[in-house]
Amino acid sequence: MSLRSGGRQLSFELLAGAGDLTADDADDISPRSLPDTTSDGQRRRRRRSKRKRGFRSPPIDEAASEGEQPRGEGGGDAAAAFRITDLRSAVETVCESSEPERSAASCVSYVGVELRQRTVSRGERVLAASAEDGASSCGSSTRESAAAAAVAADVAAAAWRPEANGGVKKKLEKEESLDWEKYMKENSNILGEVERIDNSPFSYFLGELYGGNSLRSTIAVGNEKKRQRVYNTMFHVPWRCERLIVAGFFVCLDSFLSLLTIMPARIVVTIWRVLKTRKFRRPNAADLSDYGCFIVLALGVASLQMIDISLIYHVIRGQGTIKLYVVYNVLEIFDKLCQSFGEDVLQVLFNSAEGLSVCSTDNVTFELMRFLLDEAIAVVAFVVHSFVLLAQAITLSTCIIAHNNALLALLVSNNFAEIKSNVFKRVSKENLHNLVYYDIIERFHITAFLLFVLAQNILEAEGPWFDSFLINASLVFLCEVLIDAIKHSFLAKFNEIKPVAYSEFLEDLCKQILNDKPDDRQKDLTFIPLAPACVVIRVSTPVYATLLPAGPFIWRIFWILLWSVLTYFMLAIFKILVGLILRCLANWYVNLRLRRKQHVD
């Protein structure tokens, strides 16, 4: 069959490297052309040739073009021959079909494949095969012949894929490169998995010893501010708070001694003036206030004298240990309520005294009735408060005398309940100021309770009791000091209050002692010594009764007056010492604070 016939042309446009073929290659494989009988087939052939122009045959190796004979045996040549034979048979089957099929399908181009191989021993490069496919296709009206040609072209392209740079393509090593298990063993952490660690105890201990977790890795490193905060909590706040409480305690003691010494002296001077001039003059507000307080004190002592302390003592002692500190806590709550209410009652009483002292003659009856009503309310309020303090003192005495660790249970429950109720609350600076004042008053009340316990031991104790009393009293005081220090330290820490605030509180207290702030009474320490004085007088009277000698009634009255005068002078001297020392210290501290402020400014 000739290469060209009757105006037909072979379509070798698909083969890019057709010009490099040698004569030997042309002798091995010759193209075939089938006649085209229709002009419609020519048009379809041209269109199919244009669609297949994108396909290019692989370049031919230089060695193959020089006419080297293909070498190699076995699998490589057999596989190549098998693929080419199959390709040719598939194409020729389509081309050599029957005449009716050729007339229907027109013409199918013959695909010529030229293969050259060369095998290099011991890992040399494998012969690169180049194939040229030339096909001159005549158009066909049926889809089956076009599909067969397309399949043949795809098979040829898939069989020979040259490298991008036109070099020789190496044969894929199947067993080594596609061995997934071996690859995963060599690259065990390809999926980002955590490597297994040695789980032996010794290795774990060494790992923790040299590189394990530590507190430094979980807690941030502090600075000077943190150090100052620790020092404030441990040293500065407890010291300044205790200094303020001690100063406030002596302020309360001064007020207590003033009630027992200054107020009776004023009343005696007023009565002496009336008796000397024999002219009754309307008393001023201060005199009326002193009369009212003296009446409250006298009626309070008289009311407590009618109470049997032994009966209350046995009733409280008959209760269990748990009920003892429950009773004490309840009485302490009522004590604080009575303090707040007593302050309001005294303010109302002093207002009525001032109104009575300046009222006109027409309103004197109304003002007098109001003053008497307020006085009755004050008597009832302070008698109740005195009874609460007396019951609290009896409860403490019961815990001290008992030998079943009742005092320890009382101190632990009472003090730590106080910490729980105060420490974890948000308080302001003003509330902290009031809280310190409540602690000062509580410290003074505890002192009054211990005096009651001392008096009861003097009257009823048998055997050596003083050492035991000192130990118990010291334990109570130490627990109170410790609890106050802990409470205020953590209150200042949690609320970010600096220790200088307690110095400011002490400065305000010193100004109160010096009467430098007569207008601002909101920051004053308000202590009403009427109820504690009633309790102290009530428990001191039996002690003085034991000192009276036996004899006639007049003789006993003489000794009563003598002991009363001696006690008064002792208290007056004590009051003078306490008052003068307080004023000197207050003046010194106020000047010190003033100099420090000027130095800072």
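Rules used throughout
Counting starts from 1 at the beginning of each chain's written sequence and moves along it residue by residue. Residues qualify for local features only when their pLDDT is at least 70, as the model is predicted, and side-chain atom pairs are given and counted only at 80 or more; totals for whole chains, interfaces and linings, by contrast, use all residues. As a convention, hydrogens and water are excluded, and side-chain values are obtained from all of the structure's heavy atoms. Counting from the N terminus, the helices are DSSP H or I runs at least four residues long and the strands are E runs at least two residues long. Only protein chains enter the calculation, and the probe is 1.4 Å; a residue is then buried if its accessible area is under 20% of its type maximum, exposed if over 50%, and partly exposed in between. Whether two residues are in contact is decided by their heavy atoms, any of which lying within 4.5 Å being enough. Only the protein chains shown count as cover for residues, and all accessible areas are computed by the Shrake-Rupley method using a 1.4 Å probe. In this text, buried Ala, Val, Leu, Ile, Met, Phe, Trp, Tyr and Cys residues form a nonpolar core when linked through side-chain atoms within 4.5 Å. Cavities and pockets are defined on a 1 Å grid built over the protein atoms alone: a cavity is a set of grid points where a 1.4 Å probe fits but cannot escape, while a pocket is an open set with protein on both sides within 12 Å along at least five of seven lines, and lining residues are those with an atom within 4 Å of any such point. Grid points are joined across faces, edges and corners, and a volume is the space filled by probe spheres set on the points. Each residue gets one label: Ala, Val, Leu, Ile, Met, Phe, Trp, Tyr, Cys and Pro are nonpolar, Asp, Glu, Lys and Arg are charged, and the others, such as Gly, are polar. The term salt bridge refers to a side-chain nitrogen of Lys or Arg lying within 4 Å of a carboxyl oxygen of Asp or Glu.

Trainee: Residue-level account of the overall build of the protein chain, with values.
Mentor: When helices and strands are tallied, the protein chain shows 21 helices and 0 strands. Residue burial in the protein chain is summarised as follows: out of 601 residues, 39% are buried. Put simply, 82% of the contacts in the protein chain that link residues at least 6 apart link residues at least 24 apart. For the protein chain, the exposed surface amounts to about 37200 Å²; the carbon and sulfur share of it is 61%.

Trainee: So what's going on with the environment of A455? Which residues, and what values?
Mentor: Within the secondary structure, A455 sits in helix 17 (residues 429-460). What makes A455 buried here is its relative accessible area of 8%. As for A455 and P542, which are separated by 87 residues in sequence, their C-alpha atoms are 8.4 Å apart. Ignoring anything within four residues of it in the chain, the contact list for A455 reads V539 and V543.

Trainee: Describe the nonpolar core, with residues and values.
Mentor: Core analysis: the largest hydrophobic core is formed by 94 residues, its most contacted members being I394, L396, Y502, L525 and L530. Those residues in contact with L396 that sit more than four places away from it in its chain are Y328, L407, L410, F449 and L450.

Trainee: Break down the layout of surface pockets for me, with residues and values.
Mentor: Its boundaries defined by the atoms lining it, the largest pocket holds a volume of some 1700 Å³. S255, Q512, L525, T526 and F527 are the residues nearest the centre of the largest pocket, which is lined by 44 residues in total. Elements represented by at least two residues in the lining of the largest pocket include exactly helix 11 (224-277), helix 12 (285-305), helix 14 (321-358), helix 15 (364-401), helix 17, helix 19 (500-514) and helix 21 (553-600). Split by residue class, the lining of the largest pocket holds 20 nonpolar, 15 polar and 9 charged. Computed from the structure, the second largest pocket encloses a volume of approximately 1400 Å³. Forming the boundary of the second largest pocket are 38 residues, of which I537, S540, Y544, T567 and L571 lie nearest the centre. The set of elements that each furnish at least two residues to the lining of the second largest pocket consists of helix 11, helix 12, helix 17, helix 20 (530-547) and helix 21.

Trainee: Account for empty space enclosed by the protein, with residues named and values stated.
Mentor: Applying the stated criterion to the full structure yields 6 cavities of 30 Å³ or more. For the largest cavity, the calculated volume is near 120 Å³. Around the largest cavity, the lining is made up of 13 residues, and of these E332, D335, K336, E442 and H445 lie nearest the centre. When contributions to the lining of the largest cavity are tallied by element, the ones reaching two or more residues are helix 14 and helix 17. Among the residues making up the lining of the largest cavity, the classes are represented as 5 nonpolar, 4 polar and 4 charged. Put simply, the second largest cavity is a space of about 80 Å³. Residue lining of the second largest cavity: Y328, L396, L410, L411, N414, N415, I446, V476 and E480, and that is the complete set. Per-element tally for the lining of the second largest cavity: the top contributor is helix 16 (residues 406-422), with 4 residues. Looking at the lining of the second largest cavity residue by residue, the classes come out as 6 nonpolar, 2 polar and 1 charged.

Trainee: Give a detailed account of the pattern of salt bridges, specifying residues and quantitative values.
Mentor: All told, the structure shown has 13 salt bridges when counted by the stated rule. The partner of D290 in a salt bridge is R266, and the shortest N-O contact between them spans 3.5 Å. With D290 in helix 12 and R266 in helix 11, this residue pair connects regions lying 24 residues apart in the sequence. Judged by its relative accessible area of 44%, R266 is partly exposed. The shortest N-O distance in the salt bridge between K487 and D439 comes to 2.9 Å. Here K487 is found in helix 18 (residues 466-494), whereas its partner D439 is found in helix 17, with 48 residues between them in sequence.

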